[in-house]
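# What the coordinates show
Now for the letters of each chain:
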Amino acid sequence: TGTPKGVMVEHRGLVNLGLAQIGLFGVCSNSRVVQFASFGFDASAWELVMAFGSGAALHLPADELRQASNKLSDYLRSEAITHATLPPALLQASKDPGCLASQVLILAGELPKAELVRSLAPASIVNAYGPTEATVCATVWSCPADFDGSVVPIGRPIANTRIYLLDAHGQ
């Protein structure tokens, strides 16, 4: 919504998230993670625990780099970023969204369009979904190389997490 809210998250949820991400995204001590989210957003915790929990380098771009996709793509390239979590809107606004791709590109914050996902090859694309209350992320979907669907799935629950999909009647 863009409206700030306070959510209490238990330490064990954050630890679980970090361990799940490290395993799912292949983050290791040689990885280079970009801290794209500002510290006021839940995704910043995601980026921090992913980097610190694996011994990866955490790169903090200046605010002006985050706002302009052409400057951000230069930064990602120059810093040899291997893991980036970016909002689909930023990529969709870019004339060449593929230039923003790193080795592993995690799309989060909103539903990505299928056309965008297809345009980001050859990066390893992951759609991450979940409310802040579920410790930032509850499900992930890894895009297969031959993806030709019209809707990007939310995926499966991360480790130690259950999800319930309900219809309009709560069923």
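Residues numbered from 1 in each chain as written. Predicted model: local features only at pLDDT ≥ 70, side-chain atom pairs only at ≥ 80, totals over all residues. Heavy atoms only, no water.

## Description of the pairing of strand 6 (residues 139-142)
Two elements, strand 5 (residues 124-129) and strand 6, share four bridges in a ladder whose sense is antiparallel. By the bridge assignment for strand 6, N127 is matched with W141. Direction of pairing for strand 6 relative to strand 7 (residues 156-157): antiparallel, over a ladder of two bridges. Bridge assignment links V140 to a residue of strand 7, and that residue is R156. (Pairing = 2+ DSSP bridges. Helix = DSSP H or I, 4+ residues; strand = E, 2+ residues; numbered from the N terminus.)

## Here we look at the nonpolar core
Within the largest apolar cluster, 23 residues are counted, with the highest numbers of intra-cluster contacts made by L86, L105 and I125. Among the secondary structure elements, those contributing two or more residues to this core are helix 4 (69-78), strand 3 (83-86), helix 5 (88-93), strand 4 (104-107) and helix 6 (114-119). Ranked by size, the runner-up nonpolar core spans 20 residues in total, among them A51, A128, C137 and V140. (Core = buried A, V, L, I, M, F, W, Y, C linked by side-chain atoms within 4.5 Å. Buried < 20%, exposed > 50% of the residue type's maximum accessible area, 1.4 Å probe, protein only.)

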